[in-house]
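Listed below are the residues making up each chain.
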Amino acid sequence: MLEFFQNSIDSLSSMHIIIKICIYLSLVLASTIFLSLIYLKNLRDRLKIKRRIEATYQKKYESDLIEYLYAGDDETENEQQQKIVIYLKKCAANRLKRKIIIGTFLKLKNDVSGETADAIQKLYYQTGLIESATSKLKSKKWDVVAKAIRELTQFEIKETHDEIIKLVNHPKKQVRFEIQKYLVQLFRFEGLEFLNIIENELSEWDQIQLLEILNKFKNLQLPDMSDWLRSKNDSVVSFTLKLVRIHNQFGVKDEIIALFNHSNPEIRVEAINLVNHLGIYEAVAILKTGVFERTLEEQIAFFKMMEEMSMPDDIEFIKEHMNHKNFYIRISVMKIMNLITVGDDNTFTINNIAEEYQINTNLTKAS
Amino acid sequence: MNITSTIIDSLDFIFFGFAIAAVTSYIILAIISAFETVNYMKKNSFVNYTEILSSSISPSISIIAPAYNESLNIVENVRSLLSNHYVNYDVIIINDGSKDDSLEKLIAAYDLVKVDYLINNQLPTKPLRQGVFKSTNPAFEKLIVVDKENGGKADALNFGLNISTNKYVACIDVDCLLLEDSLQKMIKPFLESTDEKVIAAGGVIRIANSCKIKDGKLLDINLPKSSIVKAQILEYLRAFLLGRMAWSKLNGLLVISGAFGLFDKKIALEVGGYDTKTVGEDMEIIVRMRRYMEEKKAKYRVAYIPDPLCWTEAPDSYKIFISQRNRWTRGTIETLKKHKKIGFNPEYKALGMVSYPYWFLFERVAPIMEILGLIYFLILIFNGFVVWIYAISFLVLAYLFNVLFSIITIITEELTYHQYSKKGMGWQLIKTAFTEPILNHPVVLYAAIKGNFDYYFNKKIKWGEMTRKGMSSN
């Protein structure tokens, strides 16, 4: 055997350099494949074991938590409860166990309310989890900071507000969004204070999520939105326009009219779309003047708005655009003139009341 | 003798250089993909997809699914498309002149009636046959069925673009199984971007053969017994996990799978919709959209979502497999030829100087180089010029590199989505990694060469048939 290896090495040393490189590379690749296979096997096993461990601990912590919640009276903590607190505090020092404990607390917290939820909150403080989360706010790793803020949001920890708002212009958007959610989730409309100080754009995705959170809170005092509608940050204006629409804020109509001349065409379209929704009749005449100097999207929005807002005086003006080259404008004109009726599902019927107008041939009739 | 020797040396240099360049590019792409995947997973762990689901202001999406002779599974497939969790979407089925009873089945299953429907005919298409249908049952209010004359997949998709009233369109194959959270995951990059316009997004396609599917839902993931399908599973994993992720990072994606892609409808219409004259319409529209944005000097991106969102049936016979790959090759040739202006053109920045050259060299030219290399090798054998120790060393090296690349793909899959978690599946994939270069690759090469041949000498060939076995009853 030894002789075989010796012979192989001797013959290798006499080979051309390219062959040598190929053989060495092949050996490296073969070894890497072998090691990768061992790693893969180990990885699959580890993942299975990890899942098993997580399930076991989760079960254990769930039963500890339930025992804690039902062990004592409302006022004082008994010995059994104190033992559970000490045990959970000890476990929380381990990263994986801490993650499972937090998950377990949250799972139950979301299912209960009142005193039980308060007790879980109390346990969050007692087990030292809050210190762990707040200390992470100073981390240099963005994902650690974001996770900490998310945890503080989920446990509704309001006292970290001042520390968190300092990070509102964090360079990482994931952190910024966690902060915005924290503020809105815990402080409702007051939390929108961040709109005054954000320097970055609020994406559509963020806007939708924040509005959905705010939608859950009913009958709250709404803040004055005029300043936000005058913001130099276009995304703040866009977000506020959505807030105005959802909460029917007619009081800001002057600011909305002012937005017809905003530098961003998308904001102008959003503002026009609000005219009909809020019933700002004085805006119609303003828009009608020079409507065709506006972008096509604005013109479409204008005619769409006129479907609901037009007055008999407007018919002459509308009629002139019966054969407009844009499909959507033509349809709006026909709707305003009651030549067709279009359902919400985009199906239509042709009305027989106005024979003097020829229905556009581009309407595809299936029947 | 000197001339022969010079020719042989030159050819050695060309083939060797090409192989080194290909291997280097694969390694670079794999490294970029690995970093990008880790980054994506980290960022995605903070995303809450539930809020977007229920929001009435979430943007509207039309799922456009062309169907041609899909009678066997059409009812189930439509049910699957209707069960998406996204709130603001509709499903437009374009029955593209099917000769079977697809339409009758749909009418019966979904209580469809013919309606007058507003259609903005912005793109030229084949005309309606029986018309547009909507359901009388409110449970299926999201469904629109169009019965039109046959014009091919691109024509049907263009009809969908005309009839859709929504801001975004998801163009899919009707037999694809979309996961319930697929639309909100796909729409995310469009809504998230603030400094550049996302014009299209592509998702990962996974293979559903042998998976357990019921009522349009994926219940259980299995590996099929067929070696050709297993090889395709590995191939798809490699392409999506170690290839496209990197191209996404480099903003150089040239293709979004026709099986599932989401588009900004306005841009898709502005560029003129799908090209009906190519068999690679999915690649062609992306290249055209990118070219349009580059020429407008607009900041844009084609996004890519690595989550397994769409599952489809892969060919399980060599005949259909070859026909599919043949078509892909012809599609690539047609697209690259049509847009040759952008190739190696610095005006198109990364698109012209990185993406196009890569596709040209390693997708378009690679099979030709490979077959020329084989012919050259045979000539050398015939003339006794082969130094076998060299040949065998290179062959072993190439094989080991291929196997290692596949194993790294399997590890990446384990570390990210861990879809093949059942006992024995890991072993089966490893086995496939060892056999695929020997069993599958020659077939892929043959299909690519046939694609080249058909493109130049057999212009009549168009799509080719895909016989569906159906996924729903597995």
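The structure we're discussing is the one just above.
Residues numbered from 1 in each chain as written. Chains lettered and ligands numbered in written order. Predicted model: local features only at pLDDT ≥ 70, side-chain atom pairs only at ≥ 80, totals over all residues. Heavy atoms only, no water.

Asker: Honestly, the pairing of strand β8 (residues 197-207) of chain B in this entry has me stumped. Any pointers?
Answerer: Looking along a regular strand, one sees side chains alternate from face to face of the sheet. Residue and element names in this part refer to chain B. Most of β8 sits inside the fold, with 10 of its 11 residues counted as buried. Here β8 pairs with strand β12 (residues 300-312) via 10 bridges, running parallel. Paired with K197 across the bridge in β12 is Y300. As judged from the three bridges shared by β8 and strand β11 (residues 260-264), these two strands associate in the antiparallel manner. The partner of A201 across the bridge, within β11, is L262. (Buried < 20%, exposed > 50% of the residue type's maximum accessible area, 1.4 Å probe, protein only. Helix = DSSP H or I, 4+ residues; strand = E, 2+ residues; numbered from the N terminus. Pairing = 2+ DSSP bridges.)

Asker: Would you mind showing me how to read the interface of chain A and chain B here?
Answerer: Bring the parts together and some accessible area is lost; that lost area is often taken as the interface size. The partner chain B presents 62 residues to the 58 residues of chain A that form the contact. Both faces combined, the contact of chain A with chain B buries some 5,100 Å², and carbon together with sulfur accounts for 68% of it. For the pair chain A and chain B, the number of links is two salt bridges. Among the ionic pairs, A:E297 bridges to B:K266, the shortest N-O distance being 3.7 Å. The tally of links between chain A and chain B comes to 12 residue pairs in polar contact (both at pLDDT 80 or more). Where the side of chain A that touches chain B is concerned, the elements lending two or more residues are α2 (17-71), α7 (142-154), α9 (173-187), α10 (204-215) and α18 (327-336) of chain A. Broken down by element, the residue count for the side of chain A that touches chain B peaks at 19 residues, all from α2(A). Taken together, the residues of the side of chain A that touches chain B sort by class into 28 nonpolar, 12 polar and 18 charged. (Contact = heavy atoms within 4.5 Å. Buried area = accessible area lost by both parts, 1.4 Å probe. Salt bridge = Lys/Arg side-chain N within 4 Å of Asp/Glu carboxyl O. Polar contact = N/O pair within 3.5 Å; in protein donor to acceptor, adjacent residues only side chain to side chain. Nonpolar A, V, L, I, M, F, W, Y, C, P; charged D, E, K, R; others polar.)

Asker: I keep staring at unusual backbone geometry and nothing clicks. Help me out?
Answerer: Glycine aside, a negative phi is what most residues show, and trans is what most peptide bonds show. In the Ramachandran plot, B:N69 falls in the positive-phi region, its phi being about 50° despite a non-glycine side chain. For B:N69, the position within the fold is in the loop between β1 (61-67) and α3 (74-82).

Asker: Which parts of the structure should I look at to understand the pattern of salt bridges?
Answerer: Side-chain pairing between opposite charges can occur once the charged atoms of the two side chains come close. All told, the structure shown has 41 salt bridges over all chains when counted by the stated rule. We note a salt bridge from A:E54 to A:K50, for which the minimum N-O separation is 4.0 Å. Of this pair, A:E54 and A:K50 both sit in helix α2, four residues apart, roughly one helical turn. A salt bridge links B:E235 to B:R325, with the nearest nitrogen and oxygen atoms 2.7 Å apart. Of this pair, B:E235 sits in helix α7 (residues 227-249) while B:R325 sits in helix α10 (residues 318-338), and the two are 90 residues apart along the sequence. As far as burial versus exposure is concerned, B:E235 and B:R325 are alike and both buried. Connected via shared salt-bridge partners are B:D275, B:E284, B:R288 and B:K338.

Asker: Looking at this structure, how should I read a nonpolar patch on the surface?
Answerer: Residues and elements named next belong to chain B. The grouping of F377, L378, I381, W388, I392 and V396 at the surface amounts to a nonpolar patch, some 540 Å² of accessible area in total. Contributions of two or more residues to the nonpolar patch are made by α11 (349-382) and α12 (388-416). Tracing the chain through its elements places W388 in helix α12. The class for W388 is partly exposed, based on a relative accessible area of 46%. (Patch = residues over 30% accessible without salt bridge, like charges linked within 9 Å, V, L, I, M, F, W, Y side chains within 5 Å. Areas by Shrake-Rupley, 256 points an atom, 1.4 Å probe, with all protein chains shown as cover.)

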